[in-house]
Amino acid sequence: MSNDAATAEAEGTAEAATPAPEPIPHGLGASLPPADARAKTEGTFPYAADLWAEGLLWAAVLRSPHPHARIVSIDTTHAREMPGVRAVVTHEDVPGTPLHGRGSRADRPVFASEVVRHHGEPLAAVAADHPDTARMAAAAVIVEYEVLDPVTDPEQAFEAEPLHPDGNLIRHIPLRQGDPEAAGEIVVEGLYRIGRQDPAPIGAEAGLAVPRPDGGVELYLASTDPHGDREIAAACYGLPPEQVKIVVTGVPGATADREDQGFQLPLGLLALKTGCPVKLTATREESFLGHTHRHPTLLRYRHHADAEGRVVKVEAQILLDAGAYADTSSDALAAAVAFACGPYVVPNAFIEGWAVRTNNPPSGHVRGEGAMQVCAAYEAQMDKVAKKLGLDPAEVRLRNVLATGDVLPTGQTVTCPAPVAELLQAVRDFPLPAPPEDEWLLPGGPEGAGEPGAVRRGVGYGIGMVHMLGAEGADEVSTATVKVQDGVATVLCAAVETGQGFTTLARQIVQDTLGVDEVQVAPVDTDQPPAGPGCRGRHTWVSGGAVERAAKMVRTQLLQPLAHQFGMSTELLQIADGKITSYDGVLSTTVSEALDGKELWATAQCRPHPTEPLDEAGQGDAFVGMAFCAIRAVVDVDIEIGSVRVVELAVAQDVGRVLNPAQLTARIEAGVTQGVGIALTENLRTPRGLIRHPDLTGYALPTALDTPDIRIVKLVEERDVVAPFGAKAVSAAPVVASPAAVASAVRAATGRPVNRLPIRPQAAVATGH
């Protein structure tokens with residue numbers, strides 16, 4: 001054999017041994033990777049802080065150092081005279097409606113004018129040719145204050161002088177169902193407090209405003225609701241909405257209302273006043289001062305149960321601290337009151353809920369708002385029922401859980417799948433983790449755990465429920481367009497990718513429906529029809545539903561000529577693996593051949609069935625759908641010094657349908673980790689209304705070392721027939737359930753009531769120590 005022949009034979013053998021490349025994930029049900037994953041990994045993803053424009057000016061915002069004060073005067077003379085300063089704006093420079101706000105009412109000024117109502121409230125903004133100059137000029141604005149005593153206790157807000165022209169009470173919901181005289185054989189009571197959690201986005205707020213030739217302005221922001229932000233901005237600038245355009249830049253993650261409008265709105269004002277592009281990148285301190293936080297909540301509960309542990313009646317009082325402005329507090333209160341009894345059958349419920357203004361930092365939308373706070377309380381109550389009756393905590397819960405067809409305390413029948421018993425049984429029966437063999441795995445590590453003999457293990461449970469989409473009559477609608485040209489599909493939808501995976505889902509939907517491999521999702525701006533805010537699983541449902549409908553319309557356009565040619569209906573044709581085939585095998589062609597240079601497009605909307613507001617007795621069909629999650633927590637507690645280590649969280653969740661396994665797993669794990677932060681470390685302290693340590697050193701987020709083993713033991717795929725694809729939102733429910741589960745486990749380990757989140761060390765010291 002010649003050398004050439006031997007070489008050729010060797011190469012052939014090597015080629016034969018080379019494994020075939022793995023197929024690229026495709027369509028619904030596959031773990032399609034995010035399109036932006038590579039750019040984010042390599043650091044080339046375009047965030048708002050990276051933007052630039054010719055002739056750029058820099059902005060800075062002056063914020064109040066006081067939580068409550070009367071403004072005697074504002075003198076901007078020194079700031080205006082500083083070299084390099086191009087403009088200074090205050091409340092006098094707001095040409096349109098001076099109020100803004102999310103939710104049902106606009107009650108927050110762009111700049112404080114007569115009264116400062118919270119620490120960090122904007123008073124003025126400056127544009128200058130250098131960021132340092134802008135900051136120095138903002139500091140040079142002289143404000144004379146008459147400092148007032150702040151109202152920081154929400155219970156005192158009922159009797160305090162009005163902090164706002166609209167008064168201190170934002171909303172009161174009295175829920176009444178059943179017999180007020182009903183009583184159980186046992187009664188357990190509890191008082192619970194939930195602290196203030198900051199959404200702590202990875203990237204602090206940033207934005208760029210560019211004036212337009214028509215007298216309008218373009219805002220480049222990491223907005224999660226561009227059309228809502230445009231309406232607010234246009235009203236404040238005194239411009240028609242068509243003269244204000246918002247372009248969504250890369251969003252560095254969002255678990256709440258991502259952007260602080262306290263700097264969005266000044267940016268546009270400065271650009272309009274100077275005629276130049278203006279940029280602002282907030283410091284981490286400004287980020288803490290500006291955006292909204294989770295509502296601190298005070299909860300009083302009384303549960304009546306029979307001797308078998310079945311709940312007879314729940315009485316509760318729920319008080320939400322809204323901070324200085326209303327924002328989304330009305331929505332949060334509705335969720336808290338409606339879910340105050342949890343995913344349990346409660347024949348008699350009497351709940352009082354209030355949201356009040358204080359001089360604390362504003363509260364707003366944070367994942368699981370309202371539902372998370374009440375879950376911590378009602379699960380603590382279930383533990384107390386079990387302890388008083390000497391029953392297993394999981395068994396007590398199983399005797400009370402909701403199922404499809406049961407009725408909520410609001411009178412709404414649960415029509416969606418509610419496999420709560422199945423979820424709880426799955427986590428209860430999952431094998432428990434082994435005891436730690438290494439001192440590093442003890443609470444606090446080898447240097448912080450004291451004596452290993454002082455470590456006690458506890459097992460606890462948390463079952464959470466959340467609603468999906470808006471509630472109480474909110475008009476949920478989204479619009480999407482799907483275009484196909486030259487074998488490439490493009491999706492146009494104003495649903496913002498905040499990390500929930502919408503752009504990946506949109507690609508999967510089009511791949512599944514049209515058999516087109518290459519799918520692009522266009523950048524989002526307000527020239528597109530609105531899709532609404534990115535919260536409560538909205539975009540999986542309404543925006544994904546709109547994409548699916550538009551893709552199906554394009555599919556019909558694609559198949560109609562073939563169906564007509566072969567004398568059959570389009571329903572007898574199917575698309576799979578890039579091929580079009582008929583039911584009888586007569587027709588077989590590829591999607592690319594059928595397209596053959598055609599340009600097809602369609603636009604569609606998705607609007608779920610309507611809901612209604614809760615009435616004066618807290619009754620009404622307020623929610624489109626609900627999702628459930630059960631978590632079993634295993635913790636180790638040093639009962640002498642109160643340090644806690646979460647060993648494992650076993651999760652079972654009702655997901656409807658798994659659309660992207662890898663993405664779904666990541667969302668659940670992220671939600672659980674956020675819940676661990678709520679349970680143990682995250683508490684934005686505000687003594688007398690002042691934010692203390694507004695940085696990521698003083699505000700302790702859980703790190704990789706704090707994250708426990710997260711075991712997803714069961715995903716129940718019982719499709720919700722009213723939801724597109726049958727899928728449910730997945731990220732909020734674990735946030736709601738995990739803090740309650742951790743607290744329950746610490747309770748089991750220590751014998752202490754654990755009635756406050758985050759759990760303080762003194763609350764985790766066992767009785768007798």
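In short, a report on the structure. (Residues numbered from 1 in each chain as written. Predicted model: local features only at pLDDT ≥ 70, side-chain atom pairs only at ≥ 80, totals over all residues. Heavy atoms only, no water.)

## Comments concerning the packing of helix α5 (residues 226-237) against helix α6 (residues 261-274)
Let me state the cut-off plainly: Angles here are taken between N-to-C directions and fall from 0 to 180 degrees, while the axes themselves are lines fitted to C-alpha atoms, restricted in helices to the stretch in contact. Runs of E in the DSSP output that reach at least two residues are strands. Runs of H or I that reach at least four are helices, and both are numbered from the N terminus. Here the word oblique covers every angle except those under 35 degrees (roughly parallel), over 145 (roughly antiparallel) and from 65 to 115 (roughly perpendicular). Here is the rule for handedness: rotate from the far helix to the near one, and if that takes an anticlockwise turn smaller than a right angle the crossing is left-handed, while a clockwise turn gives right-handed. Contacts: residue pairs with any heavy atoms within 4.5 Å of one another. Throughout this entry, Asp, Glu, Lys and Arg are counted as charged residues, while Ala, Val, Leu, Ile, Met, Phe, Trp, Tyr, Cys and Pro are counted as nonpolar. The remaining residues, Gly among them, count as polar.
Between α5 and α6, the least distance of the axes is 10 Å, while the angle of their chain directions is 50°. Judged on the interaxial angle alone, α6 and α5 are oblique. The chirality of how α5 crosses α6 is right-handed. Only Gln261, Gln264, Leu265, Gly268, Leu269 and Leu272 of α6 make contact with α5, whose side of the interface consists of Asp229, Ile232, Ala233, Cys236 and Tyr237. Of the residues contributing to the contact of α5 with α6, the split by class is 7 nonpolar, 3 polar and 1 charged.

## Details of the nonpolar core
The condition is simple: We define a nonpolar core as any set of buried Ala, Val, Leu, Ile, Met, Phe, Trp, Tyr and Cys residues linked to one another through side-chain atoms lying within 4.5 Å. Between buried and exposed lies partly exposed: a residue is buried under 20% and exposed over 50% of the maximum accessible area for its type, with that area taken using a 1.4 Å probe on protein chains only.
Judged by nonpolar contacts, the single largest core of 114 residues is most densely connected at Tyr301, Ile318, Phe339, Ile351, Phe628 and Val742. When residues in this core are grouped by element, the largest group, 12 residues, is from helix α16 (residues 732-750). With residues up to four places along the chain from it excluded, the contact list for phenylalanine 339 reads Ala371, Val374, Tyr378, Leu408, Met465, Val466, His467, Phe623 and Met626. Core analysis: the second largest hydrophobic core is formed by 48 residues, Leu28, Ile580, Phe725 and Ala727 among them.

## Description of the sheet that holds strand β6 (residues 115-116)
Our working rule: At least two bridges found by DSSP between two strands is the condition for calling them paired.
The sheet built from 3 strands is open, its strands ordered β6-β2-β8 with antiparallel pairing. Lying at the two open borders of the sheet, with one neighbouring strand each, are β6 and β8 (142-147). When strand β2 (residues 69-75) meets β8, the two strands line up antiparallel, connected through 6 bridges. Its bridge partner being in β8, isoleucine 71 is matched across the sheet by tyrosine 145.

## Remarks on the environment of glutamine 520
Along the chain, glutamine 520 falls in strand β21 (residues 519-521). Sequence spacing of glutamine 520 and threonine 76 is 444 residues, and the spatial spacing of their C-alpha atoms is 49 Å. Other than its neighbours up to four places away in sequence, glutamine 520 contacts Val488, Ala489, Thr490 and Val491.

## Concerning the sheet that holds strand β22 (residues 573-576)
Two orientations exist for strands paired in a sheet by backbone hydrogen bonds: parallel and antiparallel. In spatial order, the strands read β22-β23-β24; together these 3 strands make up an open sheet with antiparallel pairing. Edge positions in the sheet fall to β22 and β24 (588-590), since each has one partner strand and no second. Adjacent strand axes in the sheet meet at a mean angle of 25°, parallel and antiparallel pairs treated alike. The pairing of strand β23 (residues 579-582) with β24 spans 3 bridges and is classified as antiparallel. Looking at the pairing, lysine 579 lines up with threonine 590 of β24. Across the sheet, helix α13 (residues 538-565) touches β22, β23 and β24, and the angle it forms with β22 is around 125°.

## A short note on helix α9 (residues 371-389)
The test is simple: In this scheme, a helix's expected span is set at 1.5 Å multiplied by one less than its residue total.
The terminal C-alpha atoms of α9 lie 27 Å apart, and with 19 residues this matches the ideal 27 Å at 1.5 Å per residue to within 8%. With 15 of 19 residues buried, α9 is to be regarded as a mostly interior element. Once α9 finishes, glycine 390 follows within two positions and takes phi at roughly 70°, a positive value.

## Points about the pattern of salt bridges
We apply this condition: Each reported salt bridge corresponds to a side-chain nitrogen of Lys or Arg within 4 Å of a carboxyl oxygen of Asp or Glu.
If you walk through the whole model with that rule in mind, you get 34 salt bridges. Arginine 357 is paired through a salt bridge with aspartate 166; the nearest N and O atoms lie 4.0 Å apart. Of this pair, arginine 357 sits in strand β17 (residues 348-357) while aspartate 166 sits in the loop between β8 and β9 (169-177); the two residues are 191 residues apart in sequence, bridging distant segments of the chain. For arginine 357, a relative accessible area of 0% corresponds to the buried category. Among the residues examined, aspartate 166 registers a relative accessible area of 44% and is labelled partly exposed.

## Regarding a negative patch on the surface
Selection criterion: Here the term patch refers to residues with relative accessible area over 30% and no salt bridge, with like charges joined within 9 Å and nonpolar side chains (Val, Leu, Ile, Met, Phe, Trp, Tyr) within 5 Å. Per-residue and other accessible areas follow the Shrake-Rupley method at a 1.4 Å probe size, with only the shown protein chains counted as cover for residues. When charges are tallied, Lys and Arg are placed among the positive residues and Asp and Glu among the negative ones, while His and the ends of the chain are skipped. Positions of charges follow a simple convention, taking NZ of Lys, CZ of Arg, CG of Asp or CD of Glu.
Together, Glu612, Asp615, Glu616 and Asp621 make up a negatively charged patch on the protein surface. Using a relative accessible area of 34% as the deciding quantity, one classes aspartate 615 as partly exposed.

## A word on the side chain of arginine 108
Heads up, the condition is: By the criterion applied in these results, polar contacts are pairs of N or O atoms within 3.5 Å in which, for protein atoms, one can donate a hydrogen and the other can accept it, and in which residues neighboring in sequence qualify only through two side-chain atoms.
Position of arginine 108 among the secondary structure elements: in strand β5 (residues 108-109). A polar contact is formed between the side chain of arginine 108 and the side chain of aspartate 327, at a distance of 3.3 Å. If we ignore the near neighbours within four places in the chain, the residues touching arginine 108 are Pro98, Leu99, His100, Gly290, Thr292, Tyr325, Asp327 and Pro362.

## Some details on the packing of helix α12 (residues 502-514) against α13
Describing two packed helices takes the angle between their axes plus the distance from one axis to the other. The N-to-C vectors of α12 and α13 enclose an angle of 30°; their axes lie 9 Å apart at closest approach. It follows that α12 is roughly parallel to α13 by the angle criterion. Every pair of crossing elements has a handedness; the one defined by α12 and α13 is right-handed. In contact with Phe502, Leu505, Ala506, Ile509, Val510, Thr513 and Leu514 of α12, α13 contributes His539, Thr540, Ser543, Gly544, Val547, Glu548, Ala551, Lys552, Val554 and Arg555. Residues that form the contact of α12 with α13 fall into these classes: 9 nonpolar, 5 polar and 3 charged.

## Here's the deal with the pairing of strand β19 (residues 478-485)
With 6 of 8 residues buried, β19 is to be regarded as a mostly interior element. Pairing geometry for β19 and strand β25 (residues 599-606), over 8 bridges, is antiparallel. The partner of serine 478 across the bridge, within β25, is cysteine 606. Linkage of β19 to strand β20 (residues 488-493), two consecutive antiparallel strands, is achieved through a turn of 2 residues, within which aspartate 486 is found at a positive phi near 55°.

## Overview of the packing of aromatic side chains
Using the following cut-off: Centres within 6.5 Å are what make two rings of Phe, Tyr or Trp a pair, Trp counting through its six-membered ring; a difference in plane orientation under 30 degrees is then read as stacked, over 60 as edge-to-face, and the rest as tilted. Criterion for a charge above a ring: Arg CZ or Lys NZ at most 6 Å from the ring centre, at most 35 degrees from the ring normal.
Across all of its chains, the model carries 6 aromatic pairs by this definition. With centroids separated by 6.1 Å and ring planes inclined at 85°, the aromatic side chains of tyrosine 344 and tyrosine 378 adopt a geometry described as edge-to-face. Taken together, the residues span a long stretch of sequence, with tyrosine 344 in the loop between α8 (329-338) and β17 and tyrosine 378 in helix α9 at a distance of 34 residues. Cation over ring: lysine 40 sits above phenylalanine 45, and NZ or CZ is 4.9 Å from the ring centre.

Treat this as a map of the structure, not an account of what it does.
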